[in-house]
Amino acid sequence: AQSVTQLDSHVSVSEGTPVLLRCNYSSSYSPSLFWYVQHPNKGLQLLLKYTSAATLVKGINGFEAEFKKSETSFHLTKPSAHMSDAAEYFCVVSEVDNYGQNFVFGPGTRLSVLP
Amino acid sequence: DTGVSQDPRHKITKRGQNVTFRCDPISEHNRLYWYRQTLGQGPEFLTYFQNEAQLEKSRLLSDRFSAERPKGSFSTLEIQRTEQGDSAMYLCASQSGETQYFGPGTRLLVL
């Protein structure tokens, strides 16, 4: 069975500084991994996904994530934070089981960006 | 707008009443998922459809919950005899390839 751990419930950075949101997963097979962002009172938006192609994945709004199988990690990074990046971020692991594709969300990391 | 839509966006009800939510997925997406999200938590899987067939249900989905997707297009989620613990955001997602696309959610408050 899959599971997702997001090591930080809250991360606070200053505008213009790098962002690192950590995610570790467990999966029985070869998983697909996703990062979603949720702004207040908005729906979940896909940032990026890893589906067994290149291990360094580029997403929208300057975000990247690197799949490291040996560390079972999929950390999300951005070189320079913007005020508009303040939101809740969810790491998601997915694998195919007997019923279809199963998605498991992490508990989320709230990113605050200080001026 | 051709994204996933959900109706209503907000629902306030009294304990014991029945409520029904609707989800319209992106057209041609065969897979449709329902999730529940409580404050400060990530979405939790409730149930999943492949076309009109309901293939999997979470143990979170008690007997008071029922979901349908009669023609393989829109889906409804009904909660009977609502309880205060049912207060949450109910999210619908449709899937293309390996990616889910989420609707804005229906926020339920049970008084």
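The rules behind these values
- Residues numbered from 1 in each chain as written.
- Chains lettered and ligands numbered in written order.
- Predicted model: local features only at pLDDT ≥ 70, side-chain atom pairs only at ≥ 80, totals over all residues.
- Heavy atoms only, no water.
- Helix = DSSP H or I, 4+ residues; strand = E, 2+ residues; numbered from the N terminus.
- Rg over C-alpha atoms; globule rule 2.2 N^0.38 Å.
- Buried < 20%, exposed > 50% of the residue type's maximum accessible area, 1.4 Å probe, protein only.
- Contact = heavy atoms within 4.5 Å.
- Areas by Shrake-Rupley, 256 points an atom, 1.4 Å probe, with all protein chains shown as cover.
- Lys, Arg positive; Asp, Glu negative; His and termini not counted.
- Charge placed at Lys NZ, Arg CZ, Asp CG, Glu CD.
- pLDDT = per-residue confidence, 0-100.
- Phe/Tyr/Trp six-rings, centres within 6.5 Å; stacked < 30°, edge-to-face > 60°.
- Lys NZ or Arg CZ within 6 Å of the ring centre and 35° of its normal.
- Buried area = accessible area lost by both parts, 1.4 Å probe.
- Salt bridge = Lys/Arg side-chain N within 4 Å of Asp/Glu carboxyl O.
- Polar contact = N/O pair within 3.5 Å; in protein donor to acceptor, adjacent residues only side chain to side chain.
- Core = buried A, V, L, I, M, F, W, Y, C linked by side-chain atoms within 4.5 Å.

> Looking at this structure, how should I read the overall build of chain B?
Along its length, chain B carries zero helices and 11 strands. Secondary structure elements of chain B occur, N-terminal to C-terminal, as β-β-β-β-β-β-β-β-β-β-β. Here the C-alpha radius of gyration of chain B, 13 Å, is about what a compact globule of 111 residues would show, namely 13 Å. Its C-alpha atoms put chain B at 40 × 25 × 25 Å along the principal axes. Taking all 111 residues of chain B together, 47% fall into the buried category. Taking the contacts inside chain B whose residues are at least 6 apart along the sequence as the reference set, 51% of them involve residues at least 24 apart. About 5,800 Å² of surface is accessible on chain B, with carbon and sulfur atoms providing 43% of the total. Across chain B, 14 positive and 13 negative side-chain charges occur, with their mean positions spaced 7 Å apart.

> Explain the confidence of the model for chain A to me, please; I cannot follow it from the model alone.
Scored by pLDDT, chain A has a mean of 91; 97% of the residues are at 70 or more. Element-level pLDDT for chain A is lowest in strand 11 (residues 100-105) of chain A, with a mean of 81, against a maximum mean of 98 in strand 3 (residues 19-21) of chain A.

> Whenever I open this one, the packing of aromatic side chains confuses me. Can you help?
Each aromatic ring pair is characterised by the separation of its centres together with the angle its planes make. With the rule as written, the count across this model stands at 19 aromatic pairs over all chains. Relative to Phe103(A), the ring of Phe34(A) has its centre 5.8 Å away and its plane inclined at 50°; by these criteria the two rings are tilted. Residue Phe34(A) is found in strand 5 (residues 32-38), and its partner Phe103(A) is found in strand 11; the two are separated by 69 residues along the sequence. What makes Phe34(A) buried here is its relative accessible area of 0%. A cation sits over an aromatic face here: Arg22(B) above Phe74(B), 3.9 Å from the ring centre.

> Looking at this structure, how should I read unusual backbone geometry?
Note: most peptide bonds trans; most residues except glycine with negative phi. Here Asp7(B) and Pro8(B) are connected by a cis peptide whose omega angle stands at -5°. Within the secondary structure, Pro8(B) is located in the loop between strand 1 (5-7) and strand 2 (10-13). Unusually for a residue other than glycine, Asn61(A) sits at a positive phi of about 60°. Inspection of the secondary structure puts Asn61(A) in the loop between strand 7 (56-58) and strand 8 (64-68). Even without a glycine there, the phi angle at Arg81(B) is positive, about 50°.

> Would you take a moment to explain the interface of chain B and chain A for this structure?
Bring the parts together and some accessible area is lost; that lost area is often taken as the interface size. The interface is formed by 22 residues belonging to chain B together with 19 residues belonging to chain A. Taken together, the two surfaces of chain B and chain A that pack against each other cover about 1,600 Å², and 48% of this comes from carbon and sulfur. By the criterion of area lost to chain A, the three top residues of chain B are Glu98(B), Thr99(B) and Phe102(B), representing 30% of everything that side buries. Between the two partners, chain B and chain A, sit zero salt bridges. At the junction of chain B and chain A, the tally comes to three residue pairs in polar contact (both at pLDDT 80 or more). Counting only elements with at least two residues in the side of chain B that touches chain A, the list comes to strand 4 (31-37), strand 5 (44-50), strand 6 (53-57), strand 9 (88-96) and strand 10 (99-102) of chain B. Looking at the side of chain B that touches chain A element by element, the count peaks at four residues for strand 4 of chain B.

> Is there a simple way to think about the environment of Pro31(A) in this case?
Take Pro31(A): it is sitting in the loop between strand 4 (24-26) and strand 5. By relative accessible area, which is 9% here, Pro31(A) ends up buried.

> Can you walk me through the nonpolar core in this structure?
Note on soluble globular proteins: their nonpolar side chains tend to be buried together. Grouped together as the largest cluster of nonpolar side chains are 26 residues, with contacts concentrated most on Trp35(A), Leu48(A), Phe74(A), Leu76(A) and Tyr89(A). When contributions to this core are tallied by element, the ones reaching two or more residues are strand 2 (10-14), strand 3, strand 5, strand 6 (44-50), strand 8, strand 9 (73-78), strand 10 (87-97) and strand 12 (109-114) of chain A. Residue contributions to this core peak at four residues, all from strand 10 of chain A. If sequence neighbours within four positions are ignored, Leu76(A) has contacts with Val19(A), Leu20(A), Leu21(A), Trp35(A), Leu47(A), Leu48(A), Phe63(A), Glu64(A), Ala65(A) and Tyr89(A). If you look at the next biggest cluster of nonpolar residues, it comprises 19 residues, including Val19(B), Cys23(B), Ile26(B) and Ile79(B).

> I would appreciate a short explanation of the pattern of salt bridges in the present structure.
On inspection of all chains with the given rule, the structure shows six salt bridges over all chains. Between Arg22(A) and Asp8(A) there is a salt bridge; the shortest N-O distance is 3.0 Å. One end of the pair, Arg22(A), is in the loop between strand 3 and strand 4; the other, Asp8(A), is in the loop between strand 1 (3-5) and strand 2, and 14 residues separate them in sequence. Note on Arg22(A): relative accessible area 31%, which makes it partly exposed. Within the structure, one salt-bridge network assembled from shared partners comprises Arg64(B), Glu83(B) and Asp86(B).

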